[in-house]
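# Understanding the architecture of this molecule
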Amino acid sequence: MKKLGKLEKVELRDFWADEAKDFTPWLAKEENIDELSNTIGIDIEVEATEVFVGNYRADIIGRDISNNQRVVIENQLEKSNHEHLGKIITYASGIGATTVIWICSSITDEHRQAIDWVNENTIEDIKFFAIEIELWKIGESEPAPRFNIICRPNEWVKTTKDKSISKELSVTKSLQLEYWNYLRDYFNQKTTFLSLRTPRAQHWYSIAVGKSKFNISLTVNTVHNRLGCELYMRGEKAKDNFSQLKNDKQAIENEIGVELDWQELPDGQDSRIILYRDGNINNKESWDETCEWFKKYAELFHKTFNDRIKKLK
């Protein structure tokens with residue numbers, strides 16, 4: 001008879017003796033920040049660790065690559081306390097962060113209530129997450145981390161509280177969010193190897209590919225009724241990366257099966273490689289067909305670009 005292993009909880013301090021020297025460098029690694037990103041549904045890119053904000057040092061400063069807004073992450077390998085609650089607010093205001101992530105071994109009831117209150121009483125763009133981290137192993141296996149979301153922003157409450165959002169914009173954002181949720185469910189039902197994150201009320205949906213500063217973006221333009229699947233490149237090396245990929249243009253287009261629009265975007269820092277088509281998400285009867293198109297080309301883009309991106313100089 002086959003036997004099952006028994007899960008055993010590992011003390012955090014047994015694996016990470018020091019928050020600053022051990023845990024923060026571990027979390028800042030791309031594969032680990034991706035795990036956190038997948039858990040909360042935000043594409044995070046690390047910019048720096050142990051960053052001075054006034055007289056204090058923030059553990060990790062990053063960006064939400066879907067909107068280029070600042071993210072601050074504060075780590076605490078013990079239960080939450082008032083000192084760290086004050087720190088995350090100080091860091092957020094000091095660097096202008098719109099997303100704050102507080103990671104602890106456990107979140108107390110009073111701090112859960114405090115974070116929930118902040119989320120319910122700030123505008124839509126400000127997001128606070130309280131996360132508990134655990135380590136588990138089976139037998140003599142290496143311990144594996146698990147992030148548990150204790151507090152997250154309530155998008156519905158925040159949207160209705162933000163009086164600056166016009167009714168027309170709210171209708172558009174609501175449609176975008178509904179469509180991306182439908183698309184994610186469609187992808188999962190049809191089975192896909194892509195890593196799908198929580199949709200947001202915006203005109204694009206990002207999918208990780210290869211390494212940081214690159215992502216596949218699915219876009220919907222409700223003004224011109226146009227859909228797009230693109231590889232988006234950011235940062236100071238974007239133009240050089242674009243040039244290297246364009247040297248392989250013929251092979252790339254042969255693998256994807258269509259001609260692509262190679263947009264260097266000379267007036268800015270970033271670049272993109274995109275495929276467009278007509279499409280109107282106001283027509284819900286077309287959602288299955290457009291989702292199938294997005295799935296086909298998102299997977300083709302990932303298969304075609306993933307290895308190439310990793311090999312860029």
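Residues numbered from 1 in each chain as written. Predicted model: local features only at pLDDT ≥ 70, side-chain atom pairs only at ≥ 80, totals over all residues. Heavy atoms only, no water.

## Some remarks on empty space enclosed by the protein
Test applied: Points on a 1 Å grid, built from protein atoms alone, make a cavity when a 1.4 Å probe fits but cannot get out and make a pocket when they are open with protein on both sides within 12 Å along at least 5 of 7 lines; residues with an atom within 4 Å of a point are the lining residues. Grid points are joined across faces, edges and corners, and a volume is the space filled by probe spheres set on the points. Numbered from the N terminus, helices here are DSSP runs of H or I no shorter than four residues, and strands are runs of E no shorter than two. The nonpolar class holds Ala, Val, Leu, Ile, Met, Phe, Trp, Tyr, Cys and Pro. Asp, Glu, Lys and Arg form the charged class, and all remaining residues, Gly among them, are polar.
Tallying each qualifying case throughout the model produces 1 cavity of 30 Å³ or more. Of the pockets and cavities examined, the largest cavity occupies roughly 90 Å³. Contributing to the lining of the largest cavity are 13 residues, with Gly41, Asp43, Thr198, Arg200 and Ser206 lying nearest its centre. Counting residues per element, the lining of the largest cavity draws most heavily on strand S8 (residues 204-208), at 3 residues. Of the residues in the lining of the largest cavity, the class split is 4 nonpolar, 5 polar and 4 charged.

## Observations regarding the confidence of the model for the protein
Let me state the cut-off plainly: In predicted models, pLDDT denotes the confidence assigned by the predictor to each residue on a 0 to 100 scale. Note on contacts: a residue pair is in contact if any heavy atoms of the two residues lie within 4.5 Å.
Of all residues in the protein, 95% attain a pLDDT of 70 or more, and the chain-wide mean is 89. This model gives residues 156-166 a pLDDT under 50, and the stretch forms 14 contacts once residues within four places in sequence are excluded.

## What to know about the pattern of salt bridges
The condition is simple: Any Lys or Arg side-chain nitrogen located within 4 Å of an Asp or Glu carboxyl oxygen qualifies as a salt bridge. Any residue under 20% of the maximum accessible area for its type is buried, any over 50% is exposed, and the rest in between are partly exposed; the area is computed with a 1.4 Å probe on protein chains only.
Scanning the model with the defined rule gives 19 salt bridges in all. Note that Glu50 and Arg57 form a salt bridge whose closest N and O atoms lie 3.8 Å from each other. Judged by its relative accessible area of 42%, Arg57 is partly exposed. When the shortest N-O distance is used, the salt bridge between Asp64 and Arg200 registers 2.4 Å. Note that Asp64 is positioned in strand S3 (residues 56-64) and Arg200 in the loop between helix H7 (167-190) and S8, a separation of 136 residues in sequence. An identical accessibility class is assigned to Asp64 and Arg200; each is buried. Each of Lys9, Glu134 and Arg146 takes part in one network of salt bridges that share partners.

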